[in-house]
Amino acid sequence: MTELIFPPNFLWGAATSAHQVEGGNDSADWWDWERKAGGPVREPSGTAVEHYSRYPDDLALLASLGLNTFRFSVEWARIEPSEGTFAAAELAHYRNVVERARALGVTPMVTLNHFTLPRWVAAEGGWTSPRTPGLFERYVRRVVEALGDAVPWFCTINEPTTVATGGYMSGWGFPPGVVNVRAWRAAIAGLVEGHKRALAAIHEVRPEAKAGLAVFSVERAANRGGRPADEFSQRWNEDVYLEAAADDDFIGVQTYTRQQLHLPRIMAPLTRAALAVRPLERFAVPWVMGLKDKANGTQAPADSRVTQMGWEYRPESVAAVVRRIAAIYPDKDLVVTEHGVATLDDAERVEFIARGLAALHDTIADGTRLRGYVHWSLMDNFEWATGYQANFGLVAVDRATQERTVRPSARFLGEIARTGRLRAEAISMRSGR
Ligand code: BGC
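Remember, it's a predicted structure, so these values are computed and weren't measured experimentally.

Caption draft 1: Layout of a positive patch on the surface. Positive charge collects at one region of the surface, where Arg-224, Arg-227, Arg-265 and Arg-272 lie side by side. Along the chain, the position of Arg-224 falls in the loop between β6 (210-222) and α10 (227-244).

Structure representation (C-alpha cells):
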C-alpha cells in the first residue's frame, strides 16, 4: 500500500479555546487564578495571541492550509459577565466568527465551555454549586439561539476531568487548586448534569445539529500492582463521563499520551483495601488518584521520549482510545477533537500527525465510526498553568509582534486534508525513530 485513504467528508481541522487565544478575558475565574499570589500559574494570559481581534486573519490562514473545520470555544465569562446579563455584542462577535468561517468554506465546531467560568459562577463554587448546571443550560440556550443554524457541531463541555480532577484532586494547577473528595464528587456530578442539560437544550433549539462531550482520555498501561489504582482513575477520570455521553450524537476524543502505572505487587491489595473503607475515603481517594504522580505515571518513564510537557511521546495512544470507546459505543460517531504535541522541533509534530493518523486509519479499516480529526492546536497559545512555555501550534506565534508563521506540520496536515490521503513516506514513520 502506498497511501492511506480517508473517508469522504472527513472533518479535518484545528482547535483553539477562547481563554487560550483571545486575550483580555478579564471576567473569567482564570484571570484571577493567574494572578493569585504564590499560585501555580507560570504567567498571566494577558493579551494571549489576540485572536479576539485577529480571528479573520487566523481563519483565512486555517482555510488557506486546506483544513475544513475550526473548533473553537465561546466564552461564558464574556457573554454573561454578571448573572443574567447577556452581552449582545459578544454574542454578535461569535456569530461573526461562525459566519466568517462559513464564508471561507470552513465548518465551525463550537465548544460551549472550555474550562473557564465567569468570575461570579466560580465565586458560588463553580461546578460544585447545585445552581451551576441550570445556569449553564440557560447560557447554552442563548448561545445556540444566537449562533443560528450555521453550527453543525457543538461540544458541550471540554474535558470535565481536567476541571474536576484538576481543580479538586491534583496538582495540575487548575482552580480552585484544592484536594477535597467531597468537592471533587460534587464537581463531577455538576459537570455531568451540566452536560446533560446542555445536550437537551441544543437538541431542543437546533435538532439538526450534532452535540457531544469532549472527553479527556489516556492510553493506559499498568502492571498488577498498579492496576487497582489505574482502574479507579479510569472510572472517575473517564468512564463516568463516557456514561454521561450515552445520548450524545458524537463523542469528542482528546488524547495526548499514555499513562503508565507500575507499582510493587503489594500495592494492589493495599489500594483495594484503602478504597473499600468509606470513612477513610477523604485520605484514600487523593492517595490513590495521586499514585500515578508519585510513580511517575503522568510523567513518562525515565527512558521514554517525551514532549515539552514531560508526557510520553506516543502518537498512537489516540487510536487505542478510539478503539476503547468504539467498543463501548459501536454505533456512535466519534471525532478526534484534540490530539497534538508540545514541541519546538516541528519534525516531531509532522511525525506525531503521521503516526497518529496511520493508527486512526487502522481503526476506521476495522469499522470504527471515526468522522474527523481536529488537531490541537491551530497556533501556539496560553497553555494554562504552563503559560506560554509549551508550543502546541501548527502555526507559531511571536507574541512580541503577534506575527504568525506557518510551520511545515501545518502544510503537512493541510495536504492530507485537501487530498484525503496520507502518503507512503509519511506512513513509513509509523515505526518511529
Ligand atoms: C485541553 C487544552 C490544552 C491541551 C494541551 C487539553 O487538555 O483541552 O485546553 O491546551 O489539552 O494540554
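Caption draft 2: Molecular detail of the nonpolar core. Counting 118 residues, the largest nonpolar core has Trp-12, Phe-154, Trp-184, Leu-357 and Leu-422 as its most contacted members. With 12 residues, helix α9 (residues 181-205) is the single largest residue contributor to this core.

Caption draft 3: Fine view of the site of the ligand. What surrounds the ligand is a group of 13 residues, the closest being Gln-20, His-114, Asn-158, Glu-159 and Glu-383. Within the side chain of Glu-159, a nitrogen or oxygen atom sits 2.6 Å from an oxygen atom of the ligand. Computed on the free molecule, the ligand has an accessible area of 310 Å², of which 94% lies beneath the protein chains in the complex. For the shell around the ligand, the per-class residue count stands at six nonpolar, four polar and three charged.

Caption draft 4: Expanded view of the side chain of Thr-107. With respect to the helices, strands and loops of the structure, Thr-107 is situated in strand β4 (residues 107-113). Look at Thr-107 and you get buried, because its relative accessible area is 16%. Aside from chain neighbours lying at most four places away, what touches Thr-107 is Asn-68, Thr-69, Phe-70, Arg-102, Pro-152 and Trp-153.

Caption draft 5: Highlighting the packing of aromatic side chains. In the structure shown here, the tally under the stated rule is 25 aromatic pairs. Each ring, one from Trp-30 and one from Phe-174, has its centre 5.1 Å from the other, and the planes form 80°; the classification is edge-to-face. Here Trp-30, found in helix α2 (residues 29-33), pairs with Phe-174, found in the loop between α8 (160-168) and α9; they are 144 residues apart in sequence, far enough to count as distant. Comparing Trp-30 with Phe-174 shows no difference in burial state: the two are buried.

Caption draft 6: Representation of the pairing of β6 in the model. In terms of residue burial, β6 counts as a mostly covered element, since 11 of its 13 residues are buried. Summarising the sheet, strand β5 (residues 153-158) and β6 pair through four bridges and their orientation is parallel. Looking at β6, one finds that Asn-158 is bridged to Ala-214. With eight bridges connecting them, β6 and strand β7 (residues 250-261) associate as parallel partners. Residue Phe-216 lies in a different strand from β7, and its bridge partner there is Gln-254.

Scoring rules and cut-offs
- Residues numbered from 1 in each chain as written.
- Predicted model: local features only at pLDDT ≥ 70, side-chain atom pairs only at ≥ 80, totals over all residues.
- Heavy atoms only, no water.
- Patch = residues over 30% accessible without salt bridge, like charges linked within 9 Å, V, L, I, M, F, W, Y side chains within 5 Å.
- Areas by Shrake-Rupley, 256 points an atom, 1.4 Å probe, with all protein chains shown as cover.
- Salt bridge = Lys/Arg side-chain N within 4 Å of Asp/Glu carboxyl O.
- Lys, Arg positive; Asp, Glu negative; His and termini not counted.
- Charge placed at Lys NZ, Arg CZ, Asp CG, Glu CD.
- Helix = DSSP H or I, 4+ residues; strand = E, 2+ residues; numbered from the N terminus.
- Core = buried A, V, L, I, M, F, W, Y, C linked by side-chain atoms within 4.5 Å.
- Buried < 20%, exposed > 50% of the residue type's maximum accessible area, 1.4 Å probe, protein only.
- Near = heavy atom within 4 Å.
- Polar contact = N/O pair within 3.5 Å; in protein donor to acceptor, adjacent residues only side chain to side chain.
- Nonpolar A, V, L, I, M, F, W, Y, C, P; charged D, E, K, R; others polar.
- Contact = heavy atoms within 4.5 Å.
- Phe/Tyr/Trp six-rings, centres within 6.5 Å; stacked < 30°, edge-to-face > 60°.
- Pairing = 2+ DSSP bridges.

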